[in-house]
Each structure stands twice: as structure tokens, then as C-alpha cells.
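Here's the letter readout for the chains.
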Amino acid sequence: MWHRLILILVFGLSACGLLKEKSVDQSQWSANKFYSEAKEELNNGNYAAAIKLFEALEARYPYGRYAQQAQLETAYAYYKDQQQASAIAAADRFIQLYPHHPNLDYAYYIKGLANFHDDLGILGYITSKIINQDMSERDSKAARESFENFKELVTRFPRSKYTPDALKRMAHLVNVVAKSEIYVARYYMKRKAYVAAVRRAQFVLEEYPQTPATEEALYIMARAYDEMGLTDLRDDVERVMRKNFPESEYLSDSGPLGKKSWWKIW
């Protein structure tokens, strides 16, 4: 009995909410009214409602500063609503339509953020929180795209208020991408694809020479050369490693790298 009454009450309240939403007459709303209502929803965290109002504003008043600002706000609302693809699409649309807009730097910043936060959403939550997998172990495509977005922002708008944060994120992303290459090299090593592992390690050394990943890249090269019986190359890499990383955990005081246990490191 009580369960039935509760269900009736819930459905009744839902129906009231729907009726209330339908009863709002927006036909006489000005662009400013749409914008202020949308901003209120956005500030209250009602991102879906904000998006709907911003899009309604643009449809009703497609020209003018409110429509332009609504597009930027829509990109931000999608980003906050964890809809990265939609956020990027909205930002791209703004960039294409208004290439000389004074807030163009913000559009690039939103694109960078949307790609940067690839750990948002249910899939990202599972991989980062439950499986405890970090960003570098996943597909680095989003990290690369995020880096390019921030790079364009920093290059084109060096004095933008978003540039300092973009630079910090770029520094992090370089490490993420370099580390993702190391994971691939590890994969090849475990499957005894030593030539492929060497190529990946060399790529890290050439493209990301200032990142922490270079230490392990050298170790992978030395181990791969050792496995292939190329002892001269192995010893050359070891000398470079001992010079640049004398305290490395991968080095052994008792002998060459080839004598160290591979599986104890990974």
C-alpha cells in the first residue's frame, strides 16, 4: 500500500515538473533573457539545461554578440557535462565561424581541456580509478591532440590569460606521451620484438629528450641489444646511461645491464 502511494507521489511530482517546463513561454524572450537564463543554469551546474537554452538562443537570434558568446558557453557546458566530443565540435565550429574573435584563445583552451581530461566519464573512471590505469597507459591520441590545442593557443596568443595554465598542461602532456611510447616498447620487449622495441625507444630519445622517460628508453635499448646479441651497441648505450643516469635503478654495479633481471624491473 505504502509503496503504491509513494509511486503515485513520485509520478505526480514528475508530471508537475514536466508541466512546469512546458508552461514556460519563451516566444517573447529577448537574446539577453535567453543568455541570462542559460548562464544561471550553467552556474548552478545544470549543464544540459544550459546547453538547451544556449542553442535556443542561437537558433532564435543567430547574429550578434549573444549568439557568438552562446557558442563558446555551449562548448564549455558540454565540457563540464563530460561530453568531450561535443565540446570539441562546438569549439571547432566557433573557431571556423569567428577566426578573428577576441575570445578565440578561449575556444582553443576548451579544446585542449576536453582532450586533456580523457579520464572523465564512466570509461575513464573505470580505467583510472578501478583498474588504476594512468593516462599514459591508454591511447595517447587525446593527449597528443590536447598538446597541439594548447600549443596553438600558446603560439598564437602568448599573452592570453589561459597561456600559463596551457604551458603547465603541455609539460605534463609531453611526459604522458613519452611514457605511452615506453609502454609500447615494453609490450614489444615482452613479445621479443626487439627491433620494434629499439625503434620505439629511439623515438622517445629523439622526440622527447628532456622527459623522465629517456632513462627507461635507454634501458630498453640496452636490453634489446643484449637480447639480440649486439653487445657493442648494448655497451655503447650503457655508457650513455651511466653518464646521464648514474643513480638509475636500472643499472647494476656488479656487471653490465645484460646481467640484470628484466622481470624484476617490470
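Everything numeric here is computed off the predicted structure, so don't read it as measured data.

S.K.: It is not clear to me how the overall build of the protein chain should be interpreted in this structure. Could you clarify?
M.R.: What the protein chain contains, in helices and strands, is 13 helices and zero strands. Secondary structure elements of the protein chain occur, N-terminal to C-terminal, as α-α-α-α-α-α-α-α-α-α-α-α-α. When each of the 266 residues of the protein chain is scored for burial, the buried share is 41%. Counting contacts in the protein chain only where the partners sit at least 6 residues apart, residues at least 24 apart contribute 55% of the total. Put simply, the protein chain shows about 16,000 Å² of open surface, and 54% of that area lies on carbon and sulfur atoms.

S.K.: In this structure, what is going on with the pattern of salt bridges? I would like to understand it.
M.R.: Charged atoms that come close allow side chains of opposite charge to pair. Per the counting criterion, the structure on display carries 15 salt bridges. Glu145 is the partner of Lys141 in a salt bridge, and the nearest nitrogen-oxygen pair spans 2.6 Å. Placement of the pair is Lys141 and Glu145 together in helix 8 (residues 141-156), with a separation of four residues, close to one helical turn. Using a relative accessible area of 49% as the deciding quantity, one classes Lys141 as partly exposed. If you follow the salt bridges from partner to partner, you end up with Arg144, Glu181 and Arg200 in one network.

S.K.: How do you make sense of the nonpolar core when you look at a structure like this?
M.R.: What tends to happen in soluble globular proteins is that the nonpolar side chains get buried as a cluster. Counting residues in hydrophobic clusters, the biggest one holds 67 residues, and the most contacted among them are Phe54, Tyr109, Phe150, Leu153 and Ile220. In contact with Phe54, other than residues within four places in its own chain, are Tyr35, Ala38, Lys39, Leu42, Ala70, Glu73 and Thr74.

S.K.: Explanation requested: the packing of helix 9 (residues 163-190) against helix 10 (residues 194-207) in the structure shown.
M.R.: Relative orientation and spacing of two packed helices are given, respectively, by the angle between their axes and the distance between those axes. Remark: helix 9 packs on helix 10, axes separated minimally by 8 Å, with the N-to-C direction vectors making an angle of 165°. The angle between the axes of helix 9 and helix 10 places the two elements in the roughly antiparallel class. The handedness of the crossing between helix 9 and helix 10 is left-handed. On helix 10, the residues that touch Ala178, Glu181, Ile182, Val184, Ala185, Tyr188 and Met189 of helix 9 are Tyr194, Ala196, Ala197, Arg200, Phe203 and Val204. Its residues assigned to classes, the contact of helix 9 with helix 10 shows 11 nonpolar, no polar and two charged.

S.K.: So what exactly am I meant to see when it comes to the layout of surface pockets here?
M.R.: Over the atoms rolls a probe the size of a water molecule, and in doing so it shows where empty space is left. Each pocket or cavity is described by its volume, and for the second largest pocket that value is around 200 Å³. If you go around the second largest pocket, you meet 13 residues; those closest to its centre are Lys179, Ile182, Pro212, Ala213 and Glu216. For the lining of the second largest pocket, the secondary structure elements donating two or more residues are helix 9 and helix 11 (213-227). Considered class by class, the residues forming the lining of the second largest pocket number six nonpolar, two polar and five charged.

S.K.: Where do I start with the packing of helix 11 against helix 12 (residues 231-244) in this structure?
M.R.: The geometry of helix 11 relative to helix 12 is characterised by a closest axis approach of 8 Å and an angle of 160° between their N-to-C directions. Looking at the two axes, helix 11 sits roughly antiparallel to helix 12. Of the two possible hands of crossing, helix 11 and helix 12 adopt the one that is left-handed. Judged by residue contacts, Glu215, Leu218, Tyr219, Met221, Ala222, Tyr225 and Asp226 of helix 11 engage Leu233, Arg234, Val237, Val240 and Met241 from helix 12.

S.K.: I would appreciate a short explanation of unusual backbone geometry in the present structure.
M.R.: A negative phi angle is the norm for most residues apart from glycine, just as the trans form is the norm for most peptide bonds. Backbone geometry places Gln82, a non-glycine residue, at a positive phi of 65°. The topology assignment puts Gln82 in the loop between helix 4 (65-80) and helix 5 (84-97). You can call Gln82 partly exposed: its relative accessible area is 43%. The backbone of Lys192 sits at a positive phi, close to 60°, despite the residue not being glycine. With respect to the element layout, Lys192 can be found in the loop between helix 9 and helix 10.

S.K.: Explain helix 9 here, please?
M.R.: Since the α-helix packs 3.6 residues into each turn, any two residues three or four apart lie on the same face. Taking 1.5 Å per residue as the helical rise, helix 9 with its 28 residues ought to reach 40 Å, and the 41 Å between its terminal C-alpha atoms agrees with that figure. Looking one or two residues beyond helix 9, the residue adopting positive phi is Lys192, at roughly 60°.

S.K.: For this particular structure, what's the right way to read the packing of aromatic side chains?
M.R.: Ring pairs (aromatic) are described by centroid distance and by the angle formed between their planes. Counted according to the given criterion, the structure contains 13 aromatic pairs. Ring geometry for Tyr109 and Phe150: centres 6.1 Å apart, planes at 55°, overall tilted. Residue Tyr109 is located in helix 6 (residues 104-116), and its partner Phe150 is located in helix 8; the two are separated by 41 residues in the primary sequence. Neither Tyr109 nor Phe150 differs from the other in exposure class; each is buried. Between Tyr219 and Tyr250, the ring centres sit 4.6 Å apart and the planes meet at 20°, which makes this aromatic pair stacked.

Scoring rules and cut-offs
Residues numbered from 1 in each chain as written. Predicted model: local features only at pLDDT ≥ 70, side-chain atom pairs only at ≥ 80, totals over all residues. Heavy atoms only, no water. Helix = DSSP H or I, 4+ residues; strand = E, 2+ residues; numbered from the N terminus. Buried < 20%, exposed > 50% of the residue type's maximum accessible area, 1.4 Å probe, protein only. Contact = heavy atoms within 4.5 Å. Areas by Shrake-Rupley, 256 points an atom, 1.4 Å probe, with all protein chains shown as cover. Salt bridge = Lys/Arg side-chain N within 4 Å of Asp/Glu carboxyl O. Core = buried A, V, L, I, M, F, W, Y, C linked by side-chain atoms within 4.5 Å. Axes fitted to C-alpha atoms, helices over the stretch in contact; angles between N-to-C directions. Parallel < 35°, antiparallel > 145°, perpendicular 65-115°, else oblique. Left-handed = near helix turned anticlockwise from the far one by under 90°. Nonpolar A, V, L, I, M, F, W, Y, C, P; charged D, E, K, R; others polar. 1 Å grid on protein atoms, 1.4 Å probe; cavity = no way out; pocket = protein on both sides within 12 Å on 5 of 7 lines; lining within 4 Å. Points joined across faces, edges and corners; volume = space filled by probe spheres on them. Expected span 1.5 Å × (residues − 1). Phe/Tyr/Trp six-rings, centres within 6.5 Å; stacked < 30°, edge-to-face > 60°.

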